[in-house]
Amino acid sequence: MNLTHLDENQRPKMVDVSDKNQTTRVAVASGIIEMSQNAYDAIVTEKTKKGPVLQTAVIAAIMGVKKTSDLIPMCHPLNLSGINCDVEELAELPGFKLTVTAKLTGQTGVEMEALTGTSIGLLTIYDMVKAIDKGMVIRHVQLETKSGGKSGDYKR
């Protein structure tokens, strides 16, 4: 199997997508952050010293999606048409599930953007409440679904 990010001399390259068809592409990724009850309570009651954690995490996730090509060397800069971030309270953990949807019409997919946005959003939650709980665990950052493109649809 030939790797698409290496040229004939085994040097790194960004894949040329200029011959690919433009299609609508959507990717959804999610992840979970688990924390102490004290940290969870501080977030849901908005009693943290750094401000509104969940709103800040949503903004960070959106920014993470938009900055993916700056962070991951072989990702193409994309003209995104939509980004959404949802946060679900998981009182039973305690913790939160963050889900990011990225969308565009273009020649390459948005899986890395959705995964990056999810990761950045979760890291923002960690950053904002680490003074309360340094033992938080970020887990299950994963692609949930993707549609569009030559490789077809995927659903976990």
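From a predicted model like this one, the values you see are computed outputs, not experimental measurements.

Honestly, the overall build of the protein chain in this entry has me stumped. Any pointers?
Of the regular secondary structure elements, the protein chain holds four helices and five strands. Ordered by position from N to C terminus, the α and β elements of the protein chain give β-α-α-α-β-β-α-β-β. Its C-alpha atoms give the protein chain principal-axis dimensions of about 55 × 30 × 25 Å. Residue pairs in contact within the protein chain that sit at least 24 positions apart in sequence constitute 71% of those at least 6 positions apart. For the protein chain, the accessible surface area stands at approximately 9100 Å², while carbon and sulfur atoms represent 53% of it. Taking the average location of the 18 positive side-chain charges in the protein chain and that of its 18 negative ones, the two points are 2 Å from each other.

Would you explain the layout of surface pockets in this entry?
Over the atoms rolls a probe the size of a water molecule, and its path tells where empty space is left. Space inside the largest pocket adds up to approximately 460 Å³. In this structure, the largest pocket is lined by 20 residues; those nearest its centre are His5, Lys20, Thr108, Gly109 and Glu111. Class assignment of the residues belonging to the lining of the largest pocket gives a composition of six nonpolar, eight polar and six charged.

Please explain the side chain of His76 as it appears in this structure.
Considering the arrangement of structural elements, one finds His76 in the loop between helix H3 (68-71) and strand E2 (82-90). Judged by relative accessible area, His76 falls into the buried class, the value being 15%. Residue contacts for His76: discarding those within four places in its chain leaves Met14, Val15, Val17, Ser69, Thr108 and Glu113.

Would you take a moment to explain the UniProt feature "binding site: substrate" (unreviewed entry) in the protein chain for this structure?
Mapped onto this numbering, the UniProt entry gives "binding site: substrate" (unreviewed entry) at Met74, Cys75, His76, Met112 and Glu113. For this annotated set, covering 40 residues, all C-alpha atoms fall within 12.2 Å of each other, a compact arrangement in space. When only the residues just named are considered, the largest pocket is lined by Met74, Cys75, His76, Met112 and Glu113. When you line up the elements, Met112 lands in helix H4 (residues 111-129). On the basis of relative accessible area, Met112 is assigned to the partly exposed category, the value being 35%. Apart from residues no more than four positions distant in its own chain, Met112 is found in contact with Thr68, Ile72 and Cys75. Along the chain, the position of Glu113 falls in helix H4. A relative accessible area of 4% places Glu113 in the buried class.

Is there a simple way to think about a nonpolar patch on the surface in this case?
On the surface, Leu123, Ile138 and Val141 cluster together to form a nonpolar patch covering roughly 220 Å² of accessible area. Exposure remark for Leu123: the relative accessible area of 47% places this residue in the partly exposed category.

So what exactly am I meant to see when it comes to the sheet that holds strand E1 (residues 23-34) here?
Sheet strands associate in pairs through backbone hydrogen bonding, adopting either a parallel or an antiparallel arrangement. Taking strand neighbours across the sheet as the criterion, the five strands line up as E2-E3-E1-E4-E5 in an open arrangement whose pairing is antiparallel. Edge positions in the sheet fall to E2 and strand E5 (154-155), since each has one partner strand and no second. As judged from the nine bridges shared by E2 and strand E3 (residues 95-106), these two strands associate in the antiparallel manner. Residue pairing for E3: Gly82 is matched across the bridge by Lys103. Of the strands in this sheet, E2 and E3 are in contact with helix H1 (residues 37-44), which crosses E3 at around 60°. Along the sheet face, helix H2 (residues 53-66) touches E2 and E3 and points at about 145° away from the line of E2.

Calculation rules
- For every chain, the first residue of the written sequence is number 1, and numbering continues from 1 onward in sequence order.
- Where local features are concerned, this predicted model is filtered to residues with pLDDT of at least 70; where side-chain atom pairs are given and counted, the filter is 80 or more; whole-chain, interface and lining totals use all residues.
- Remark: hydrogens and water are excluded; side-chain values derive from all non-hydrogen atoms of the structure.
- Numbering of helices and strands starts at the N terminus; helices are DSSP runs of H or I of at least 4 residues and strands are runs of E of at least 2.
- Residues count as neighbours in contact if any of their non-hydrogen atoms are within 4.5 Å of one another.
- Note on areas: Shrake-Rupley with a 1.4 Å probe; residue coverage comes only from the protein chains shown.
- Working convention for charge: Lys and Arg count positive, Asp and Glu count negative, and His plus the chain ends are omitted.
- Note that the charge is assigned to NZ on lysines, CZ on arginines, CG on aspartates and CD on glutamates.
- Every definition here rests on a 1 Å grid over the protein atoms only: cavities are sets of points where a 1.4 Å probe fits but cannot get out, pockets are open sets enclosed by protein on both sides within 12 Å along at least five of seven lines, and lining residues have some atom within 4 Å of a point.
- Grid points are joined across faces, edges and corners, and a volume is the space filled by probe spheres set on the points.
- Any residue that is not Ala, Val, Leu, Ile, Met, Phe, Trp, Tyr, Cys, Pro, Asp, Glu, Lys or Arg is counted as polar, Gly included; the first ten are nonpolar and the last four charged.
- Exposed residues in this analysis have more than 50% of their type's maximum accessible area, buried residues have under 20%, and partly exposed residues fall in between, with area computed by a 1.4 Å probe over protein chains only.
- UniProt positions are given in the numbering used here, feature names are shortened, and annotations may be inferred rather than shown by experiment.
- Excluding any residue in a salt bridge, patches collect residues exceeding 30% relative accessible area, merging like charges within 9 Å and nonpolar Val, Leu, Ile, Met, Phe, Trp and Tyr side chains within 5 Å.
- The rule for a salt bridge is simple: a side-chain nitrogen of Lys or Arg has to be within 4 Å of a carboxyl oxygen of Asp or Glu.
- Strand pairing is assigned whenever DSSP detects at least two bridges linking the two strands.
- Simply put, an axis is a line fit to the C-alpha atoms, just over the touching stretch for a helix, and the angle between two N-to-C directions goes from 0 to 180 degrees.

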